[in-house]
Amino acid sequence: MVKITKSFYIKHTRFEQQYRNFLGLPYVNSRGTFYPARVQNIADCSCNCRKIFQRDEIRAVFENFNRLANHTAQNVYLQGCVENAGAENLSNGATRRVFRYKISLSRASIYVCQKFFCGLHGVTRSRLRKKGTTYCD
Ligand SMILES: [Zn+2]
């Protein structure tokens, strides 16, 4: 794989910036700030979610997500993966809503932890909890 450096890129127009951002491609904004490509950042979680998946499945989920070339479509997709699994009672008497994160593959739908889910799509937790969605805390 070719290593992409900042100097390789000319500045992109605003439209190009947005488009490249959706696609997870690297871009340079009008101030010359370099935004690296979206990358999968799969941490080894204690539940070993990674071991459920084949290597090419992990790549395919990421590529399909990046192919949803606008923010709305990506958010709709992310929301569709999150299921409300009720609430759990914490020891301090408070309740916390519990969510499940589903990855749909052709062979099955697989539930993974949030950490793995975010890493798999290269998004942060905050992306799952955008204002206006139904699963905010
Ligand atoms: Zn996990």
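Residues numbered from 1 in each chain as written. Predicted model: local features only at pLDDT ≥ 70, side-chain atom pairs only at ≥ 80, totals over all residues.

## Things to note about the sheet that holds strand 4 (residues 95-104)
The antiparallel open sheet is built from three strands, whose spatial order is 3-4-5. Since the sheet does not close on itself, it has two edges, and those belong to strand 3 (82-89) and strand 5 (109-112), each with one partner. Across the sheet, the axes of successive neighbouring strands diverge by a mean angle of 35°, strand direction being ignored. (Pairing = 2+ DSSP bridges. Helix = DSSP H or I, 4+ residues; strand = E, 2+ residues; numbered from the N terminus. Axes fitted to C-alpha atoms, helices over the stretch in contact; angles between N-to-C directions.)

## Some words on the nonpolar core
Cys49, Leu78, Cys81, Tyr101, Ile103, Val112, Phe116, Phe117, Cys118, Leu120 and Leu128 together form the largest nonpolar core, which totals eleven residues. Contributing elements (two or more residues each) for this core: helix 3 (71-81), strand 4 and helix 4 (114-121). Among the elements that take part in this core, helix 4 stands out by supplying four residues, more than any other. (Core = buried A, V, L, I, M, F, W, Y, C linked by C-beta atoms within 7 Å. Buried ≥ 20, exposed ≤ 12 C-beta atoms within 10 Å, placed from the backbone.)

## Comments concerning the pairing of strand 4
Looking at chain direction, strand 3 and strand 4 are connected through six bridges and run antiparallel. Opposite Val82, over in strand 4, you have Tyr101 as the bridge partner. Once strand 3 ends, the chain turns through five residues before running back antiparallel as strand 4, passing Gly93 with a positive phi of about 95°. Relative to strand 5, strand 4 runs antiparallel, the two sharing four bridges. Looking at strand 5, one finds that Ile103 is bridged to Ile110. Here strand 4 folds back onto strand 5, and the loop between the two strands holds four residues.

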